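In case you want the letters, here they are:
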Amino acid sequence: MRNFYKQDSLLQKLLKKHLPDDFFDYADRELTHFGERVAGEIDERATHTDREGQPRLIKYDKMGNDISKVWVNEGYQATIDETYETGIVGYVHKEIPELGRKGNYFYSYAQGYLLSQSEPGFYCPVTLTMATAYLIDHYAEEKLRAEFLPHVIATGYTELYEGATFLTERQGGSDVGANEVEAVKDGDHYRLIGEKYFASNSGTCGVAMVLARMEGARPGTKGLSLFLVPWEANRSSNGLTIRRLKDKLGVRAVPSAEIELHGAKGYLVGEASQGFKYMMEALNLSRVCNAVASIGIMRRAYVEARDYAEDREAFGAPLTRYPMVQETLVNLAVKLEVETMAIFDMIKLFDEVTPQGMGAPEQDRTLLRLYIAILKKESAEQAIEFSHEAIEMHGGNGYIEDFVTPRLLRDAQVLTVWEGTANILGLEVLRLIEKFNAHEPYLSEMSRRLKEVQGPAKDLKQPVEQALDDLKQALVQLGTMSDSAKLMYPKKVAEDMALILEAVVALEAVEDDRSHAVAEIYISENFDSEKYRAEPLASKHYEKIVHGS
């Protein structure tokens, strides 16, 4: 019997390092059970949902009335119930009974990482529910908070309201400032009128957080307010209807819809002028989820490729006897390990900064936003690359839907789009540099951490130091360019920052021969100009990296 948690020594090590002892003991027990379920029954349900049991819109009842209900199969509903009962959302906001204190995002994201190895499509609704809980908990008035938050963070005894965040409109897309949905005052609430064009978790959510523009509000993002819209009451009264479900390439488990708002009842959340700001905070949380889903897919793709290569023979020998196969597996293992460490390193900072809100040190807030942007971009692109490599390792079998590999590729593709494309993330990095001087604490932090690398890793860090110096010079040059020239390079800057950060993390993790080999290969692959070696590193370290021996 496979167990995604017990077979992942790195995840266990990260949890042991970053959680208090009693929390780790609890997490170890719970994730052992969850890791088995995810690798078994939840994985089987995911296959059924993707192939035969996709959500369906029941638009009308037998009398022709618009009911806009979304059907999901029984297995998918079982996964919903089982996953939320683990506290993947709830225990960020309330006590874990066995511990008598709240959980944290580190534990929640560890759960999401395991879930995404079998069902990244369902991790989208979990992500939206996490974002909804965050917005209600931080910004809703007490009456709204008391009424809705217990349902959004339910773990079994209270009726669950999954969450959703509705931003996208037909004319806007990434340009949220072009949004047109109106909010008209009606007593103690508002009536929302318009349409949302890509609304995920429609029909299965209990609460949607919706951006809309009040009468007389200014144009652009500064005129957007945030509203809590109860789903079922509005659906049953036809305050909102579903035009159609999107026929998506992947992540077919999540119902994504076009929504029409016909005066849907909504409640203002927080200050009217801060709606976009609130939603962007939730978006940063979702971007971390996106990165977690990416490394989940990367992990599954690597394991499938490795196991297939070890089991398959060609030309009289196992695939793993062939040097190019060894190189592929080594490079996948190294990138996966380093990127996973970097992302959970970022999550640790996220756990420290998020509860403080604007009270957190400005440098920490700025660095966190920068790390989220560069690692979301890098991990999403790598999820596609890993899925591609897994398919190629399987040959023709990798292209057949009997194997998980086609679904991994289809599901991975959306991760470069959701929560901001590479272009949008590149612009975010440029904005952080120009408006908040984010490059200064980044460069300072990378320099400090590199200086502190001693011992066996010290002999590996020179290429990383050189890359950091090159980045410093490039950023100076960037500052002198015209706007049109400057806008050609944000993605390149984001990539350079991500690779340097990951290299630093790899160097800091060196503690034995294997971790030294991981750092050596990572740095060689990303910073070394020597392409041809008489003794290739992948062959030299294959057993050590892939089998830990």
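Computed from a predicted model, the values in this text were never measured in an experiment. (Residues numbered from 1 in each chain as written. Predicted model: local features only at pLDDT ≥ 70, side-chain atom pairs only at ≥ 80, totals over all residues. Heavy atoms only, no water.)

A. Here's a closer look at the layout of surface pockets. In this structure, the second largest pocket encloses a volume near 1100 Å³. Taken together, 42 residues line the second largest pocket, and the ones lying closest to its centre are Leu10, Leu14, Glu337, Met341 and Ala509. Contributing elements (two or more residues each) for the lining of the second largest pocket: helix H1 (9-18), helix H8 (275-311), helix H9 (323-353), helix H10 (362-394), helix H13 (439-451), helix H16 (490-508), helix H17 (513-527) and helix H18 (537-546). Of the residues assigned to the lining of the second largest pocket, the class counts are 18 nonpolar, seven polar and 17 charged. Lining the lining of the second largest pocket are residues from two domains, each supplying at least three of them: domain 1 (9-153) and domain 3 (430-548). (1 Å grid on protein atoms, 1.4 Å probe; cavity = no way out; pocket = protein on both sides within 12 Å on 5 of 7 lines; lining within 4 Å. Points joined across faces, edges and corners; volume = space filled by probe spheres on them. Helix = DSSP H or I, 4+ residues; strand = E, 2+ residues; numbered from the N terminus. Nonpolar A, V, L, I, M, F, W, Y, C, P; charged D, E, K, R; others polar. Domains from an automatic or database assignment.)

B. Up close: the domain arrangement of the chain. Per the domain assignment, the segments of the chain are domain 1 (9-153), domain 2 (163-276) and domain 3 (430-548). Distance between the C-alpha centres of domain 1 and domain 3: 34 Å.

C. Structural view of the UniProt feature "domain: Acyl-CoA dehydrogenase/oxidase C-terminal" (unreviewed entry) in the chain. Under the UniProt annotation, the feature "domain: Acyl-CoA dehydrogenase/oxidase C-terminal" (unreviewed entry) is placed at residues 274-427. Along residues 274-427, the helical share is 75% and the strand share 3%, with 21 Å between the first and last C-alpha atoms. (UniProt positions renumbered as here; feature names shortened; annotations may be inferred.)

D. Local environment of the packing of H13 against helix H14 (residues 462-479). Where H13 contacts H14, the axes come no closer than 11 Å and their chain directions differ by 165°. Here H13 lies roughly antiparallel to H14, going by the angle between them. The element H13 and its partner H14 pack so that their crossing is left-handed. On H14, the residues that touch His439, Tyr442, Leu443, Met446, Ser447 and Leu450 of H13 are Val464, Glu465, Leu468, Leu471, Lys472 and Leu475. Here the contact of H13 with H14 is built from residues that sort into eight nonpolar, two polar and two charged. (Axes fitted to C-alpha atoms, helices over the stretch in contact; angles between N-to-C directions. Parallel < 35°, antiparallel > 145°, perpendicular 65-115°, else oblique. Left-handed = near helix turned anticlockwise from the far one by under 90°. Contact = heavy atoms within 4.5 Å.)

E. Broad picture of the packing of H10 against H16. The N-to-C vectors of H10 and H16 enclose an angle of 95°; their axes lie 9 Å apart at closest approach. Classified by the interaxial angle, the pair formed by H10 and H16 is roughly perpendicular. Of the residues in H16, those touching H10 at Leu370, Tyr371, Ile374, Leu375, Lys377 and Glu378 are Lys491, Ala494, Glu495, Met497, Ala498, Leu499, Leu501 and Glu502. The class makeup of the residues in the contact of H10 with H16 is nine nonpolar, no polar and five charged.

F. Highlighting the environment of Ile136. Relative to the helices and strands, Ile136 is located in helix H5 (residues 120-139). With 276 residues separating them along the chain, Ile136 and Ala412 place their C-alpha atoms 29 Å apart.

G. View of the pairing of strand E7 (residues 189-200). The sheet contact formed by strand E6 (residues 182-186) and E7 spans five bridges and is antiparallel. Bridging across to E7, Ala183 finds its partner in Leu192. Between the end of E6 and the start of E7, which pair antiparallel, lie two residues, with Gly187 showing a positive phi angle near 70°. (Pairing = 2+ DSSP bridges.)

H. Quick peek at the nonpolar core. Counting 186 residues, the largest nonpolar core has Tyr109, Tyr123, Phe344, Ile374, Tyr442 and Met497 as the members making the most contacts within it. With 18 residues, the top contributor of residues to this core is H8. Each residue touching Ile374, except ones within four places of it in the same chain, is listed here: Val429, Ala494, Met497, Ala498 and Leu501. (Core = buried A, V, L, I, M, F, W, Y, C linked by side-chain atoms within 4.5 Å. Buried < 20%, exposed > 50% of the residue type's maximum accessible area, 1.4 Å probe, protein only.)

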